[in-house]
Amino acid sequence: AQTVTQSQPEMSVQEAETVTLSCTYDTSENNYYLFWYKQPPSRQMILVIRQEAYKQQNATENRFSVNFQKAAKSFSLKISDSQLGDTAMYFCAFMKIAGNQFYFGTGTSLTVIP
Amino acid sequence: DAGVIQSPRHEVTEMGQEVTLRCKPISGHDYLFWYRQTMMRGLELLIYFNNNVPIDDSGMPEDRFSAKMPNASFSTLKIQPSEPRDSAVYFCASSAPLAGASYEQYFGPGTRLTVT
């Protein structure tokens, strides 16, 4: 079975600063995808960034980047130049290629302080 | 594309009543997922379909819950009879991994269900 652990229930960061959200997962699969989703107060689930396990290069999307450590089964999200609109719940998700089923972590509530 | 569409956005019902939640996936997507989100249990996968066929319904909590996908553009999640512990936000999501698109799931806005 796949499990995803987000050990930080809540975090806060000053506007314009950098914050890192942690995620670890447990799997015996070799091919899989990892995702970070953002859920603002509107409750809409929005994809932030994705990482293919076979790619060694860390994914980046503007101010968002990941630190993917396959051997350590770690997938952290770094948000640079934090903005007030980044305030949201962030979910880490694992997907094995067969079945397309997602396994979500319990989420980290991030608050950006003005 | 309008994205994944869910209706209603909010539903308030009394215990014992039947509740039907509706979802229209993104056109061309061949996977459809139903999730339930609560503070206590987080995001739980209830059931998912591939090409309108249920693949895994092991997350459906009990026989009071049922889901159908009569065609590629419509799915329902039904709770009969509803109970207060069913109060949650229910999300529908769709994906198209075999179409060359990414494996990401696209979520609808959710239905907030309150059972009194």
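None of these values were measured; they are calculated from a predicted model. (Residues numbered from 1 in each chain as written. Chains lettered and ligands numbered in written order. Predicted model: local features only at pLDDT ≥ 70, side-chain atom pairs only at ≥ 80, totals over all residues. Heavy atoms only, no water.)

A. Highlighting the overall build of chain A. Counting its secondary structure elements, chain A contains 0 helices and 12 strands. Starting at the N terminus, the α and β elements of chain A follow one another as β-β-β-β-β-β-β-β-β-β-β-β. The C-alpha atoms of chain A give 14 Å as radius of gyration, which agrees with the globular expectation for 114 residues (13 Å, within 12%). Dimensions along the principal axes, computed over C-alpha positions, put chain A at roughly 40 × 25 × 20 Å. For chain A, long-range pairs separated by at least 24 residues make up 55% of all intrachain contacts whose partners lie at least 6 apart in sequence. For chain A, the accessible area works out to roughly 5,500 Å², and carbon and sulfur atoms hold 46% of it. Averaging the locations of the 9 positively and 9 negatively charged side chains of chain A gives two centres separated by 8 Å. (Helix = DSSP H or I, 4+ residues; strand = E, 2+ residues; numbered from the N terminus. Rg over C-alpha atoms; globule rule 2.2 N^0.38 Å. Contact = heavy atoms within 4.5 Å. Areas by Shrake-Rupley, 256 points an atom, 1.4 Å probe, with all protein chains shown as cover. Lys, Arg positive; Asp, Glu negative; His and termini not counted. Charge placed at Lys NZ, Arg CZ, Asp CG, Glu CD.)

B. Structural detail: the pattern of salt bridges. Residue and element names in this part refer to chain B. Under the definition given, this model contains 12 salt bridges over all chains. With its nearest N and O atoms 2.6 Å apart, the salt bridge here joins Arg-85 to Glu-83. Among the ionic contacts, a cluster of salt bridges with common partners joins Glu-62, Arg-64, Glu-83, Arg-85 and Asp-86. (Salt bridge = Lys/Arg side-chain N within 4 Å of Asp/Glu carboxyl O.)

C. Molecular detail of the pairing of strand E6 (residues 46-52) of chain A. Residues and elements named next belong to chain A. Bridge count between strand E5 (residues 32-39) and E6: 6 bridges; the pairing is antiparallel. The partner of Phe-35 across the bridge, within E6, is Arg-50. With antiparallel pairing between neighbouring strands as the criterion, E5 and E6 make up a hairpin whose turn holds 6 residues, including Arg-43 at a positive phi of roughly 75°. (Pairing = 2+ DSSP bridges.)

D. The arrangement of the interface of chain B and chain A in detail. Listed by partner, the interface residues are 23 residues for chain B and 17 residues for chain A. Between chain B and chain A the total buried area reaches about 1,700 Å² when both faces are included, carbon and sulfur atoms providing 53% of it. On the chain B side of the interface with chain A, the three residues burying the most area are B:Leu43, B:Tyr103 and B:Phe107, jointly 35% of the side's total. Our count for the contact surface shared by chain B and chain A stands at 1 salt bridge. A salt bridge links B:Glu104 to A:Arg50; the shortest N-O distance between them is 2.5 Å. Viewed at the interface, chain A and chain B are joined by 7 residue pairs in polar contact (both at pLDDT 80 or more). Of all the secondary-structure elements, those providing two or more residues to the side of chain B that touches chain A are strand E4 (31-38), strand E5 (42-50), strand E9 (88-95) and strand E11 (111-115) of chain B. Each residue belonging to the side of chain B that touches chain A can be placed in one class, and the counts come to 12 nonpolar, 7 polar and 4 charged. (Buried area = accessible area lost by both parts, 1.4 Å probe. Polar contact = N/O pair within 3.5 Å; in protein donor to acceptor, adjacent residues only side chain to side chain. Nonpolar A, V, L, I, M, F, W, Y, C, P; charged D, E, K, R; others polar.)

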